[in-house]
Amino acid sequence: MPHTVAVLMDPIRSIKTAKDSTFAMMLEARRRGHRLLYMEQGDLAVRDGLAWARMAELEVRDDPADWFTLGQPAWQRLNTADIVLARKDPPVDAQFIYDTMVLEMAEREGVRVVNRPRALRDCNEKLYALHFPQCCAPTRVARDEGDLTAFVAEHDQVVIKPLDGMGGRGIFRSHREDPNLRSILETVTAGGTRLAIAQRFIPEISAGDKRILVIDGEAVPYALARIPQGRDFRGNLAAGGRGKGVPLGDRDRWIVAQVAPDLRRRGLSFVGLDVIGDYLTEINVTSPTCIRELDAQFGLTIASQMFDAIESSLS
């Protein structure tokens with residue numbers, strides 16, 4: 001049965017269609033005959049306690065030179081849509097949090113929001129992984145420079161990063177003899193005013209930071225290993241890493257099994273687990289990517305699996 005699917009996303013004119021997972025989802029929605037509505041972050045509003053949005057009819061096509069057509073935007077109740085795909089990229093700042101509150105109003109009016117707004121608020125992508133310590137490398141989260149310095153002294157080779165970063169930005173590799181350690185900690189914690197995360201360095205990063213996509217608690221059988229290039233230790237594609245598809249191993253499937261029940265409980269229908277070697281490092285919930293790369297390498301249709309799960313929840 002055709003549905004109306006509204007997509008909250010970053011500007012569509014700026015996306016890279018060969019890599020954009022939201023674009024893959026929109027192509028699949030149209031393939032199924034669903035109506036598409038488009039909105040950006042500035043298009044949400046509340047009127048008398050009800051969720052509204054300024055939305056435009058959207059057509060998409062898999063043409064890198066001409067991939068979309070937008071109609072005239074108009075204000076309408078957000079419950080005009082049956083499904084909302086909340087795909088706004090980080091940072092998860094105050095405006096993002098407010099958006100989840102508007103989306104939660106729409107959810108109360110019967111709209112299926114993917115992922116659930118409350119879970120988007122509650123699950124910081126770095127801190128949420130630490131709910132599963134059996135899956136993680138030794139980790140310290142603190143504002144205090146002395147606390148983080150003690151962690152570095154204990155483990156020597158570490159990675160230090162902010163809690164709200166993305167795409168590899170603001171990530172440092174350091175060690176106990178690093179003359180820049182104090183400066184790094186001052187920078188990442190903003191002088192002791194912001195929480196930062198320090199994690200024991202995982203040498204297996206040389207084989208790639210694997211992105212495992214999980215749909216309704218079930219893992220896609222292949223991951224995209226984002227492999228660092230040159231002397232850069234970061235595997236993030238946005239930081240220049242190379243993506244290579246790999247089958248899931250036994251440890252990967254074990255990590256998914258540890259996490260999946262809580263994902264289902266929270267309404268996190270589509271997530272990306274980041275795994276380096278044997279360790280879970282992040283759980284990406286806001287706008288996980290890598291669909292297009294895995295589809296291309298293995299002949300998959302991951303967005304179809306996602307829509308099967310969404311549509312079954314509506315029946």
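Below, the structure is looked at part by part. Computed from a predicted structure; not experimentally measured. (Residues numbered from 1 in each chain as written. Predicted model: local features only at pLDDT ≥ 70, side-chain atom pairs only at ≥ 80, totals over all residues. Heavy atoms only, no water.)

**Examining the sheet that holds strand β12 (residues 196-200)**
Within the open sheet, the 4 strands sit side by side as β9-β12-β10-β11. Their pairing is antiparallel. Bordering the open sheet on either side are β9 (139-142) and β11 (172-174), each of which pairs with just one other strand. On average, each strand axis in the sheet is inclined to that of its neighbour by 20°, with strand direction left out of account. Relative to β11, strand β10 (residues 158-162) runs antiparallel, the two being bridged by 3 bridges. (Pairing = 2+ DSSP bridges. Helix = DSSP H or I, 4+ residues; strand = E, 2+ residues; numbered from the N terminus. Axes fitted to C-alpha atoms, helices over the stretch in contact; angles between N-to-C directions.)

**Observations concerning unusual backbone geometry**
The omega angle of the peptide bond from Pro90 to Pro91 is 15°, so this bond is cis rather than trans. The omega angle of the peptide bond from Val114 to Asn115 is -5°, so this bond is cis rather than trans. Positive phi is not limited to glycine here, since Asp48 has a value of about 50°. Examined against the element boundaries, Asp48 turns out to sit in the loop between β3 (44-47) and β4 (50-60). You will see that Cys290, though not glycine, has its phi angle at about 95°, which is positive. Given the relative accessible area of 0%, Cys290 is considered buried. (Buried < 20%, exposed > 50% of the residue type's maximum accessible area, 1.4 Å probe, protein only.)

**Quick look at the state of the cysteines**
Here is the idea: a disulfide is a covalent bond, and it sits between the sulfur atoms of two cysteines. Considering all chains together, one arrives at 0 disulfides under this definition. Residue Cys135 stays outside any disulfide, its sulfur separated by 6.1 Å from that of Cys136, the closest cysteine. (Disulfide = S-S within 2.5 Å.)

**A few points about the packing of aromatic side chains**
Scanning the model with the defined rule gives 3 aromatic pairs in all. Geometrically, the ring pair formed by Trp67 and Phe68 is tilted, given 5.9 Å between the ring centres and 50° between the ring planes. For the cation-ring pair, Arg47 lies above Trp52, with the distance from its terminal atom to the ring centre recorded as 4.4 Å. Lying over the aromatic face of Phe201, Arg173 brings its terminal NZ or CZ to 3.7 Å of the ring centre. (Phe/Tyr/Trp six-rings, centres within 6.5 Å; stacked < 30°, edge-to-face > 60°. Lys NZ or Arg CZ within 6 Å of the ring centre and 35° of its normal.)

**Describing helix α5 (residues 181-188)**
Listed as buried for α5 are Leu181, Ile184, Leu185 and Val188. Taken end-on, α5 shows its buried residues confined to a sector of 95°, consistent with a single buried face. The exposed residues of α5 that point more than 90 degrees off its buried face are Arg182 and Thr187. Immediately downstream of α5, the backbone of Ala190 shows phi near 50°, a positive value. (Arc of directions from axis to C-beta.)

**Describing the pattern of salt bridges**
If you walk through the whole model with that rule in mind, you get 29 salt bridges. A salt bridge links Arg226 to Asp274; the nearest nitrogen and oxygen atoms lie 3.0 Å apart. Of this pair, Arg226 sits in strand β15 (residues 222-227) while Asp274 sits in strand β17 (residues 270-276), and the two are 48 residues apart along the sequence. On the basis of relative accessible area, Arg226 is assigned to the buried category, the value being 6%. Judged by its relative accessible area of 4%, Asp274 is buried. Linked through salt bridges whose partners overlap, the residues forming this network are Glu28, Arg31, Arg32, Asp308 and Glu311. (Salt bridge = Lys/Arg side-chain N within 4 Å of Asp/Glu carboxyl O.)

**A short note on the environment of Glu177**
Considering the arrangement of structural elements, one finds Glu177 in the loop between β11 and α5. The class of Glu177 is exposed, set by a relative accessible area of 62%. When the C-alpha positions of Glu177 and Ala153 are compared, they lie 8.6 Å apart, and in sequence the two are 24 residues distant.

**Quick word on the pairing of strand β13 (residues 209-215)**
Judged by how many residues are buried, β13 sits mostly within the fold: 7 of 7 residues are covered. As paired strands, β13 and β15 are joined by 3 bridges and run antiparallel to one another. Looking at the pairing, Lys210 lines up with Ala225 of β15. Here β13 pairs with strand β14 (residues 218-219) via 2 bridges, running antiparallel. Bridging across to β14, Val214 finds its partner in Ala219. Counting the residues in the hairpin turn of β13 and β14 gives 2 residues, including Asp216, whose phi is positive at 50°.

**Concerning the packing of helix α1 (residues 21-31) against helix α8 (residues 302-314)**
Two numbers describe how α1 lies on α8: the axes approach to 9 Å, and their chain directions differ by 65°. Both α1 and α8 take part in a crossing whose hand is right-handed. In this structure, α1 contributes Ala24, Met25, Glu28, Ala29 and Arg31 to the contact, and α8 contributes Ala303, Ser304, Met306 and Phe307. Each residue belonging to the contact of α1 with α8 can be placed in one class, and the counts come to 6 nonpolar, 1 polar and 2 charged. (Left-handed = near helix turned anticlockwise from the far one by under 90°. Contact = heavy atoms within 4.5 Å. Nonpolar A, V, L, I, M, F, W, Y, C, P; charged D, E, K, R; others polar.)

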